[in-house]
Amino acid sequence: MKKIIFYIGLILVCIVAVFPVFAAKNKTDVYIGITSVGDKHLPAIGLPEFQFDGPLSQEPSKLVREVMRGDLLFARYFDINEEGPAFDSSKLSQVLTAWARAKASYLLVGGVTYADSYYTIKVYVYDLSTRTPVFAKAFKGTKNSLRRLAHIASDQIVAALTGKRGIADTKIAFSNNSTRNKEIYMVDYDGENLQKLTNDKSIALLPRWSKDGRIFYTSYKNRNPDIFAIDLRAGKIVPIILRGGLSLIGGVSPDGKALAFTSTSSSNPSVFIYNLENHTKQRVTNKASVDGSPSYSPDGKYITFVSNRGGNPQIYVMELATGQTRPLTKTFNWSDSPQWSPTGEWIVFSGREAPYHPMDIFLVDLTGTQLRRLTTDAGSNEDPTWSPDGRFIAFTTTRNGKRQLYIMDMDGSAPHLLADIKGDSFTPHWSF
């Protein structure tokens, strides 16, 4: 009976619900939680108004500045100081001195120019302790690309000043049912630039990013749960695994050469590895149990998955080369959707500790001895996914009455709505 219940739970996410037409609301809120760098006194970046040189309004410069301001605040590596003089290159020494007196560590100045149908964003960062420039770059594109160029500029500034990667130019793919079907969408990490990627008019779910920018997902558009790939660069969708019974995508290997997925092509749901180069598949779990929801470790040598082989569904880890498997949890009433952190130290998953309790988000370390609850008393929380730097977690929650996309710090602090999206959203996955 438990096996049957678990199997039903595995495919419950495929049920279609009916909700209004899709829409998103712009927002500029910034949510500050803990500082992931462990320093309560973050260096401040002075941020005067950006300038615009062109025949149009100041809106392009305001947009670029606002996007970069949000990016740098979200990164938690800096504070933003806006209490200083306007930038004047003819009085550079006086301006730098004034911002240093305002207790800024860096000064970020920028401007946007327009010529021949293209916009150019010029960005400069000065180290106020030495009064020298430490970053200077220009980014050129169309009006529609201004927001992304601002994200790219933010990431490059983070890298230049901290040596760490930024996540401003990342996206989150997810399934949403607002069109009366479940389709795949993607949105920028800050909830802007919403795009619908599929028109399957069926059930499309479980998007999983590959490092080459493709999105693999499961769709019922051919009346069978098959796996497809969205090639964003080519603008096309191609089939990957067809007519193999139930095929639920779990994860893409770090080298992009294989997929881990759940299949019912054998006697019971098991985890398989599909080789994208020679189009062969290998069964890697072979127990009299239901195994599913596989996710790769950052080095590709291990997978984590869910199995009811010991009773209730628990989180397991397997070494692919040897097949050696061990449980990480043992006492949960239900566990689902484990995802390995990019840094390799933690596995995030959704679970409940007792029957009839709502699902919550937890972390477990690789020894299984450290278990941390990240959500509590706030609806049903599921489908966790890591940011590529391992500092944030996106997930779905019903805390506001419907299933929405939220983001929180990896310790559970600062949870906030990603975007005001009509309908219910499911199975998010953060790009690399």
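Residues numbered from 1 in each chain as written. Predicted model: local features only at pLDDT ≥ 70, side-chain atom pairs only at ≥ 80, totals over all residues. Heavy atoms only, no water.

Asks: When you look at the sheet that holds strand β20 (residues 314-319) in this model, what are you seeing that I'm missing?
Replies: The strands making up a sheet are joined through hydrogen bonds of the backbone, oriented either antiparallel or parallel. Read across the sheet, four strands follow the order β18-β19-β20-β21 without closing on themselves; strand pairing throughout is antiparallel. Edge positions in the open sheet fall to β18 (291-296) and β21 (325-327), since each of these has one partner strand only. Taken pair by pair, the neighbouring strands of this sheet meet at an average axis angle of 25°, ignoring direction. Pairing geometry for β20 and β21, over three bridges, is antiparallel. Across the sheet, Y316 pairs through a bridge with P327, a residue of β21. (Pairing = 2+ DSSP bridges. Helix = DSSP H or I, 4+ residues; strand = E, 2+ residues; numbered from the N terminus. Axes fitted to C-alpha atoms, helices over the stretch in contact; angles between N-to-C directions.)

Asks: I keep staring at the confidence of the model for the protein chain and nothing clicks. Help me out?
Replies: The predicted structure's coordinates, where accompanied by low pLDDT, should not be read in detail. Averaged over all residues, the pLDDT of the protein chain equals 91, while 90% of them reach at least 70. A low-confidence stretch, residues 1-39 (pLDDT under 50), is modelled with 89 contacts involving residues beyond four sequence positions or located in other chains. (pLDDT = per-residue confidence, 0-100. Contact = heavy atoms within 4.5 Å.)

Asks: Would you explain the packing of aromatic side chains in this entry?
Replies: Any two aromatic rings considered together are summarised by their centre-to-centre distance and by the angle between their planes. For the structure on display, the rule yields 15 aromatic pairs. Aromatic side chains Y302 and W340 sit 6.4 Å apart centroid to centroid with 45° between the ring planes, which places their arrangement in the tilted category. On the criterion of sequence distance, the pair formed by Y302 in strand β19 (residues 302-307) and W340 in strand β22 (residues 334-340) is long-range, its members being 38 residues apart. Here the aromatic cluster, defined as three or more aromatic residues joined through ring pairs, consists of F52, Y114 and Y119. Note that R76 overlies the ring of F74, its terminal NZ or CZ placed 5.2 Å from the centroid. A cation over a ring is seen here: K221 above F228, with NZ or CZ 4.5 Å from the ring centre. (Phe/Tyr/Trp six-rings, centres within 6.5 Å; stacked < 30°, edge-to-face > 60°. Lys NZ or Arg CZ within 6 Å of the ring centre and 35° of its normal.)

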